[in-house]
Amino acid sequence: MSTPTSPRLASELSVDHRDRLMQCARRVDFPEGTRLFEEDGLAERFWFIRTGTVTLDIRVPGRRPTVIDTVNAGELLGWSWLFAPYHWHFGAEAMTRVRAYEFDAATVRMMMDADPRLGSALGHVVGQVLAQRLVSARVRLLDLYAAHGSGL
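As the structure is a prediction and not an experimental result, all values here were calculated from the model. (Residues numbered from 1 in each chain as written. Predicted model: local features only at pLDDT ≥ 70, side-chain atom pairs only at ≥ 80, totals over all residues. Heavy atoms only, no water.)

Q: Is there a simple way to explain the pattern of salt bridges in this structure?
A: Opposite charge on two side chains makes pairing possible when the charged atoms of those side chains draw close. Enumeration according to the criterion identifies 11 salt bridges in this entry. Linking Asp29 and Arg97 is a salt bridge whose minimum nitrogen-to-oxygen distance equals 2.4 Å. Here Arg97 lies in the loop between strand S7 (91-94) and strand S8 (98-104) and Asp29 lies in strand S1 (residues 26-30), a separation of 68 residues in the sequence. The partner of Arg133 in a salt bridge is Asp69, with the nearest N and O atoms 3.1 Å apart. (Salt bridge = Lys/Arg side-chain N within 4 Å of Asp/Glu carboxyl O. Helix = DSSP H or I, 4+ residues; strand = E, 2+ residues; numbered from the N terminus.)

Q: Just to check I follow, could you spell out empty space enclosed by the protein for this structure?
A: If you roll a probe as big as a water molecule over the atoms, it shows you where there is empty space left. Scanning the model with the defined rule gives one cavity of 30 Å³ or more in all. Each pocket or cavity is described by its volume, and for the largest cavity that value is around 60 Å³. Taken together, Phe37, Leu56, Leu77, Gly78, Trp79, Ser80, Trp88, His89, Phe90 and Arg133 make up the lining of the largest cavity. A breakdown of the residues in the lining of the largest cavity according to their chemical character gives six nonpolar, three polar and one charged. (1 Å grid on protein atoms, 1.4 Å probe; cavity = no way out; pocket = protein on both sides within 12 Å on 5 of 7 lines; lining within 4 Å. Points joined across faces, edges and corners; volume = space filled by probe spheres on them. Nonpolar A, V, L, I, M, F, W, Y, C, P; charged D, E, K, R; others polar.)

Q: Just checking my understanding: could you explain the packing of aromatic side chains for this structure?
A: Aromatic rings considered in pairs are described by the distance between their centres and by the relative angle of their planes. With the rule as written, the count across this model stands at nine aromatic pairs. Ring geometry for Phe37 and Trp47: centres 5.8 Å apart, planes at 10°, overall stacked. Of this pair, Phe37 sits in strand S2 (residues 35-37) while Trp47 sits in strand S3 (residues 45-51), and the two are 10 residues apart along the sequence. The pair Phe37 / Trp47 is uniform in exposure class, with both members buried. Between Phe46 and Phe103, the aromatic rings sit 5.0 Å apart at their centres with planes inclined by 15°, giving stacked as the arrangement. With Phe46 in strand S3 and Phe103 in strand S8, the pair connects residues that are 57 residues apart, well separated along the chain. Across this residue pair, the class does not change: Phe46 and Phe103 are buried. The structure contains a cluster of three or more aromatic residues connected by ring pairs, namely Phe30, Phe37, Trp47 and Trp88. Across from the ring centre of Tyr101, 5.1 Å away, lies the NZ or CZ of Arg50, which sits over that ring. The ring of Tyr86 carries the charged tip of Arg109 above its face, separated from the ring centre by 3.8 Å. (Phe/Tyr/Trp six-rings, centres within 6.5 Å; stacked < 30°, edge-to-face > 60°. Buried < 20%, exposed > 50% of the residue type's maximum accessible area, 1.4 Å probe, protein only. Lys NZ or Arg CZ within 6 Å of the ring centre and 35° of its normal.)

Given below as C-alpha cells:
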C-alpha cells in the first residue's frame, strides 16, 4: 500500500493566500531531539518546515513512543490546531535540526473565518495532511502488529 504525497503549502495555496499567511509567520529553529509537541497537548500553533525532518509518534502502552511518519522540508506540520478541542493526536520530535515558519493557530483560524476562500484553500491543505497522516499511521501500525494478530 502506498501513502499519498504530502501537500506542499507553497504549491497548494495561491500567491495571495501564501503572502497573507506569511505575514503572521515567525521563523523558528529547533535543535535535533527537540520535542515540538506531545500527544494530547494543546495545539496552539503549526509549522511549515523549511529545512530538516520531524518524526511523528504515538504512545503505545508498555513501549516507547512509536514513530508513524516523518515530515520534511516543504511540508506542513500539524493539523490538530484546526479542529476543536485543539489537542494534538500525535507527538513530534525534531529528527534533525529543523528550521520552520511557525504560525499561531488562533490567528490563522480568524483569518480563515474572515476570508472563506483562504479558509477553504487552507482547509483543503490541512485535510490532505490529515488523510496522509492517518494512512501513514495505519500502515505503520499494521507493520508493527499485523504478524502478532494474524496467527502466524
